[in-house]
Amino acid sequence: MALAEHPLVQLSGIVKRFGALVANDNISLDVRAGEIHALLGENGAGKSTLVKILDGLLQPNEGEIRWNGTPVTLNSPEDAARLGIGMVFQHFSLFEQMTVAENIAVSLPSDTPLTDLNQRIADIGQRYGLALEPSRPVWSLSAGEKQRIEIVRALLKAPKLLILDEPTSVLTPQEAETLFETLETLAKSGCGLLYISHRLDEVKRLCDRATILRAGKVVATCDPKLETVARLASMMVGSDIAEVRPAAAHQNGDVRLVLNDLSLDAEDDHGVALDHVSLTVRGGEIIGIAGVAGNGQSELFAAMSGERLAQQTNHVVIDRTPCGFSDIEARRRIGAAFVPEERLGHAAAPRLALSENAILSRRSEDAIVTNGLINPQGARALAAKIIKNFDVRKGRVDPPAGTLSGGNLQKFVVGREILREPGVLIVNQPTWGVDPGAAATIRQALIDLAARGSAVVIISQDLDEIFAIADRIAVIHSGQLSECLSARDTSREAIGLLMTGGGGHAHAA
Amino acid sequence: MRLDIVPRGEVSTLARILSPIGAVIVAILIGGLIVSALGKSPVQALFVYFIDPLSESWTIQELAVKGTPLILIASGLIYCFRSNVWNIGAEGQYTIGAIFGSILPIMFHDSNAGYWVLIASLFMGMIGGLLYALIPAFLRVTYGVSEILTSLMLVYVAQLGLDYLVRGPWRDPKGFNFPQSVPFDATSMLPNLVEEGRLHAGIIIAIIVVLLSAFVLGRTIFGFGIRVAGEAPKAARFAGFNAKALTISAFAISGALAGLAGIVEVTGQIGQLQPSISNNYGFTAITVAFLGRLHPLGVLFGAFVIALTVLGGESAQIAMKLPLDLTTTFQGILLMCVLAADSLVTYRVRIRFGGRS
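Note that this is a predicted model, so its numbers are computed, not measured.

Reading the values: the criteria
- Residues numbered from 1 in each chain as written.
- Chains lettered and ligands numbered in written order.
- Predicted model: local features only at pLDDT ≥ 70, side-chain atom pairs only at ≥ 80, totals over all residues.
- Contact = placed C-beta atoms within 7 Å.
- Helix = DSSP H or I, 4+ residues; strand = E, 2+ residues; numbered from the N terminus.
- Nonpolar A, V, L, I, M, F, W, Y, C, P; charged D, E, K, R; others polar.
- Core = buried A, V, L, I, M, F, W, Y, C linked by C-beta atoms within 7 Å.
- Buried ≥ 20, exposed ≤ 12 C-beta atoms within 10 Å, placed from the backbone.
- Pairing = 2+ DSSP bridges.
- Axes fitted to C-alpha atoms, helices over the stretch in contact; angles between N-to-C directions.
- Domains from an automatic or database assignment.
- Parallel < 35°, antiparallel > 145°, perpendicular 65-115°, else oblique.
- Left-handed = near helix turned anticlockwise from the far one by under 90°.

Attention shifts here to the interface of chain B and chain A. With 18 residues of chain B at the contact, the number on the chain A side is 26 residues. If you list the elements that add at least two residues to the side of chain B that touches chain A, you get helix 8 (221-231) and helix 9 (233-238) of chain B. Here the side of chain B that touches chain A takes 5 residues from helix 8 of chain B, the largest share from any one element. The residue inventory of the side of chain B that touches chain A, partitioned by class, reads 8 nonpolar, 4 polar and 6 charged.

The structure is reproduced here in structure tokens:
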């Protein structure tokens with residue numbers, strides 16, 4: 001038992017520089033066998049860099065990695081895999097058209113025999129509660145099932161250290177609970193886990209220790225079970241986060257957005273058809289649309305925004321104007337505004353400057369475009385106003401959108417719409433992958449906008465967010481939208497059940 | 001050993017401007033190797049190719065004459081390439097433009113009709129190229145047919161059409177059976193700018209087109225739509241730009257400008273229709289557009305470099321007995337170098353040793 005004196009993996013004094021930027025500044029961290037160790041930090045705190053170093057994708061400029069007490073060099077992911085380090089990334093790398101078993105087979109070393117693969121998948125599944133049908137094509141699976149593939153991939157290599165990056169970001173509460181049980185089983189079997197998450201509740205529930213990074217440095221190592229969520233959050237951002245003001249009992253105004261029995265075919269094989277969706281939103285309220293990813297959220301957003309047109313003009317009514325046949329610009333002109341899910345590539349063009357990106361959704365304004373001619377001063381002034389009001393932090397004057405961090409770009413694209421004072425605002429995933437500070441700014445701005453009389457719809461996978469700011473909640477599942485439930489009188493569990501298709505809807509069986 | 005291609009992050013404007021210049025230098029070095037492999041002096045070739053054409057008034061005029069169609073076509077191609085539409089068939093639109101534009105000068109041959117024929121023929125040329133470019137555009141937006149294939153194949157249709165016309169219905173009855181149309185009247189021809197020289201008014205048209213394009217792409221909301229559509233198609237949709245309408249407009253503009261180039265070449269230089277009216281201008285202009293970083297002002301630089309190689313190639317054939325194909329080869333090398341320089345400015349290559357394959 002000589003080895004047990006040493007932690008499974010020990011990082012000491014890790015420094016990683018990218019040019020002038022010090023992404024990891026003298027980071028020390030250890031993970032013991034059988035422990036679930038949380039790695040916390042805002043976007044840009046250096047978590048991803050550290051994980052990439054552990055996975056052999058990046059090499060540190062300084063510092064030492066010890067594995068069971070022995071110094072090691074990790075030059076490639078293969079080196080890391082040989083030691084027994086496994087990764088489960090936040091974004092799935094799966095071939096949608098192939099089956100579960102095929103997707104697992106491609107990830108294994110080329111000399112692995114594949115004959116008993118289905119059996120091995122079943123064995124792993126049974127031991128850790130990861131049920132998977134090997135012959136199902138991946139596109140037909142839910143996000144939770146897809147993630148199980150990623151975990152099974154990692155487990156088949158019998159890792160001693162498993163790193164999970166934001167594993168619950170696309171899961172329902174029930175799916176997340178199943179995952180936690182799996183992870184606890186794994187830890188009991190002696191595997192060390194490094195668990196990266198923004199969700200502090202989960203970290204408190206699951207993890208034995210937490211290391212908190214801020215601006216590339218370790219600011220604290222603690223036992224998360226002994227800390228409050230608020231304290232963990234303030235350690236992450238270095239200051240107390242402005243508490244989002246809870247939605248007061250709103251004075252609901254006139255009906256501003258109506259969806260009447262809206263149906264829309266799927267755009268392609270992997271799309272979801274909208275199935276008789278109805279919704280009424282009044283001025284002054286925030287509607288949260290919850291749901292597991294891939295249940296028609298992007299289709300619903302496209303139908304509301306006018307990026308896809310409805311089958312009848314009265315299927316979408318904005319401020320009493322039927323506009324099912326109006327395109328997105330026409331809907332903007334009657335006072336609606338939209339923020340799509342993807343920041344880069346949809347809400348903003350990465351290589352265009354911020355001032356040019358400001359034009360995207362504001363081109364019907366005279367100060368920006370006059371008689372078909374762009375007014376660069378007007379665009380720059382608008383960008384500057386958004387940047388100032390929403391505290392968008394950037395490296396230099398008018399940089400390309402792609403150079404901003406996720407949170408800052410999100411503040412920009414949300415701010416661009418809110419400053420228009422829209423009558424109806426529809427936001428898809430308002431704070432997805434955004435650090436807590438930026439998320440609080442954005443949520444507060446949405447609440448304030450509703451308080452000024454606008455109708456706000458947020459489509460979100462983050463139940464914390466929905467419960468924090470929505471007055472009423474509807475759930476989208478398989479392209480169907482549930483009734484709106486009052487946020488005060490509804491439990492997370494009830495919403496979670498609706499998200500998986502249970503709870504009184506079609507699924508009787 | 002493993003090669004990784006890693007993004008460099010933010011790239012300075014200076015690097016972006018310098019990259020085509022670096023590409024030209026590398027291409028010249030590679031060209032020099034080929035010339036020496038052919039047993040000739042690369043230094044002499046360098047002079048014949050790049051210095052001699054700049055040494056005399058008539059060669060400089062010739063440079064502008066060769067550059068004119070390249071500038072016109074490449075200015076149009078920019079609209080396509082910027083919006084991620086791949087019009088490879090400018091050569092065909094050029095040919096059809098020349099045919100359409102020649103209708104009036106041929107009809108009003110020897111009729112003292114006056115200068116309106118010239119003006120009208122330039123517009124006809126644009127309409128011809130535009131209509132021809134709309135074929136791949138409509139196939140693209142209605143049936144999703146790859147515009148790369150259709151626009152390219154239509155080049156051959158256009159060339160065979162021209163061939164038929166000058167051998168059949170439009171053949172000059174007094175032309176000793178040569179496959180060519182009647183010679184155009186002097187009033188149907190673009191005026192010369194230099195007495196006794198070959199420089200014609202086409203270069204002025206080309207420069208006006210460049211300035212206009214720079215304005216349209218840089219300052220108008222339409223040009224903005226073109227740029228956004230190429231950078232991020234979903235962002236263009238979000239901004240309310242209609243992707244199909246943009247594709248059709250880009251094709252229409254580039255077709256019209258290629259057609260204009262065709263009729264400018266005929267009325268400025270050749271003076272009649274004949275089976276061969278292009279020096280591969282429609283294809284070479286693709287290189288010009290990329291050499292100019294898909295910017296209208298950059299096109300002037302690109303057209304200058306390419307016209308230099310065309311002219312230099314001709315004199316190298318005479319002076320050094322170097323094959324004319326070498327010019328085409330060199331243009332190909334140049335395009336490769338430009339595209340490679342483009343990638344290397346945006347990404348860097350990292351060679352890593354160790355690790356298993």
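Turning our attention to the nonpolar core. The nonpolar side chains of a soluble globular protein tend to be buried, and buried together. Membership of the largest hydrophobic core comes to 184 residues, with the highest contact counts inside it found for L446 of chain A together with L70, I73, A74, L77, A285 and A289 of chain B. It is helix 3 (residues 57-82) of chain B that provides the largest number of residues to this core, a total of 13 residues. Once you skip the residues sitting within four places of it in the chain, L77 of chain B turns out to touch N87, A90, S254, A285, I286 and A289 of chain B. One finds L29, A38, I65 and L74 of chain A within the second-largest nonpolar core, a separate group that totals 60 residues.

Let's shift gears to the sheet that holds strand 10 (residues 217-222) of chain A. Residues and elements named next belong to chain A. Read from one edge of the open sheet, 6 strands run 6-7-8-3-9-10, paired in mixed fashion. Among the strands making up the open sheet, the edge pair consists of strand 6 (85-88) and strand 10. On average, adjacent strands in this sheet sit at an angle of 20° to one another, irrespective of strand direction. In this sheet, strand 8 (residues 192-196) lies alongside strand 7 (residues 161-165) in parallel orientation, the contact comprising 5 bridges. Within strand 8, the position partnered with L164 by the bridge is Y195. Docked against the sheet, helix 6 (residues 173-188) engages strand 3 (36-40), strand 7 and strand 8, running at close to 145° with respect to strand 8.

Another aspect to go through is the domain arrangement of chain A. Residues and elements named next belong to chain A. On domain assignment, one finds that chain A holds domain 1 (2-237) and domain 2 (255-499). If you average the C-alpha positions of domain 1 and of domain 2, the two centres end up 32 Å apart. Each partner contributes residues to the interface: domain 1 has 14 residues there, and domain 2 has 17 residues. For the side of domain 1 that touches domain 2, the elements supplying multiple residues, two or more each, are helix 6 and helix 8 (229-237). A total of 3 residues in the side of domain 1 that touches domain 2 trace back to one element, the largest contributor, which is helix 8. Partitioning the side of domain 1 that touches domain 2 into residue classes produces 7 nonpolar, 5 polar and 2 charged.

In this section: the packing of helix 3 of chain B against helix 12 (residues 296-320) of chain B. All names here are of chain B. As a packed pair, helix 3 and helix 12 sit with axes 8 Å apart at the nearest point and diverge in direction by 135°. Here helix 3 lies oblique to helix 12, going by the angle between them. By crossing handedness, the relation of helix 3 to helix 12 is classed as right-handed. Across the interface between the two elements, T59, E62, L63, K66, G67, L70, I71, A74, S75 and I78 of helix 3 pack against P296, V299, L300, G302, A303, F304, I306, A307, L308, V310 and L311 of helix 12.

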